[in-house]
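Now for the letters of each chain:
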Amino acid sequence: MRTNRVKAMLAAGEPALGTFVRTTHPAVVEVLGLVGFDCVIIDNEHSPLDLESTANLIRAADGVGMTPLVRVRTNDPVAIMQALDAGALGVQVPQISSRADAERAARACKYPPAGTRGLATSHRAADHGLMDPLEYVRQADRETMLLAYVENREAVECLEEIVAVPHVDLLFMGPADLSASYGHPAETSHPDVQRAIDRVLQVAGEAGIPVGTVASDAESARALLARGVRLLAISSDLQMIGRWGADTLRALRG
């Protein structure tokens, strides 16, 4: 099993930079790793990616030394187990709105006695059965991460309960969903949304838990790093292609 470089970076207080991937071709992930991204978040929530495509993207990330994370569709123990069994070193779980939600996700990420993850040692994460089973279980519990998605008012109001749950490794903010939850859809700069973001950073900082979020470009990423964010998902594979194409055509056509 691989070492989770992003988990180590965050533990050392270093920022980690990644991006979302929503396309199926492993070459996209390879290129992202070759240019230097620390991780990819393979997006099963907002894309048509299936489990086989996800596993192939994880393989590509491993091949270029990049940490593969998977955003699962729901807070479902089976979906979490399948992503981790395929070799993901962390899962980003949406709609963590209460302590109970966080506990459900955390239990799904860890083997007994710490959790309830179904135990098999013949899958890809355990080198298809070639790893020593006991060593695999120990490494899996040590290296895998839970990124709890804070994306609504309810979550912001009970943050202290969420961060108190063992094995929540990071709070990941969803500004767009927060804006909708606060009644200002797509207005991520609205004062209500920014106050919510400040609260997430404050509570997580007091609990010693890093915070992640999305950034559209380098300028916004620098501003978020200055505010204390430590994991940044900068744009996505498709947005990068679209923006590069639009900028190039604009420059050529005037």
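Criteria and thresholds
- Residues numbered from 1 in each chain as written.
- Predicted model: local features only at pLDDT ≥ 70, side-chain atom pairs only at ≥ 80, totals over all residues.
- Heavy atoms only, no water.
- Helix = DSSP H or I, 4+ residues; strand = E, 2+ residues; numbered from the N terminus.
- Salt bridge = Lys/Arg side-chain N within 4 Å of Asp/Glu carboxyl O.
- Buried < 20%, exposed > 50% of the residue type's maximum accessible area, 1.4 Å probe, protein only.

A.B. asks: Any chance you could explain the environment of Glu219 here in plain terms?
C.D. replies: Looking at the secondary structure, you find Glu219 in helix α11 (residues 218-227). Along the sequence, Glu219 and Phe20 sit 199 residues apart, while their C-alpha atoms lie 18 Å from each other.

A.B. asks: Is there a simple way to explain the pattern of salt bridges in this structure?
C.D. replies: Applying the stated criterion to the full structure yields 14 salt bridges. Residues Arg71 and Glu45 are paired through a salt bridge, measuring 3.5 Å at the closest nitrogen-oxygen approach. With Arg71 in strand β3 (residues 67-71) and Glu45 in the loop between β2 (39-43) and α3 (51-63), the pair connects residues that are 26 residues apart, well separated along the chain. Look at Arg71 and you get buried, because its relative accessible area is 3%. Since its relative accessible area comes to 24%, Glu45 is described here as partly exposed. With a shortest N-O distance of 2.4 Å, Asp192 and Arg195 are connected by a salt bridge. Residue Asp192 and its partner Arg195 are both found in helix α10 (residues 191-207); the two are separated by three residues, about one turn of the helix. Taking the relative accessible area as the measure of exposure, Asp192 reaches 24% and is therefore partly exposed. Taken together, the salt bridges that share partners define one network made up of Arg22, Asp43, Glu45 and Arg71.

On their own, these measurements won't tell you what the molecule is for.
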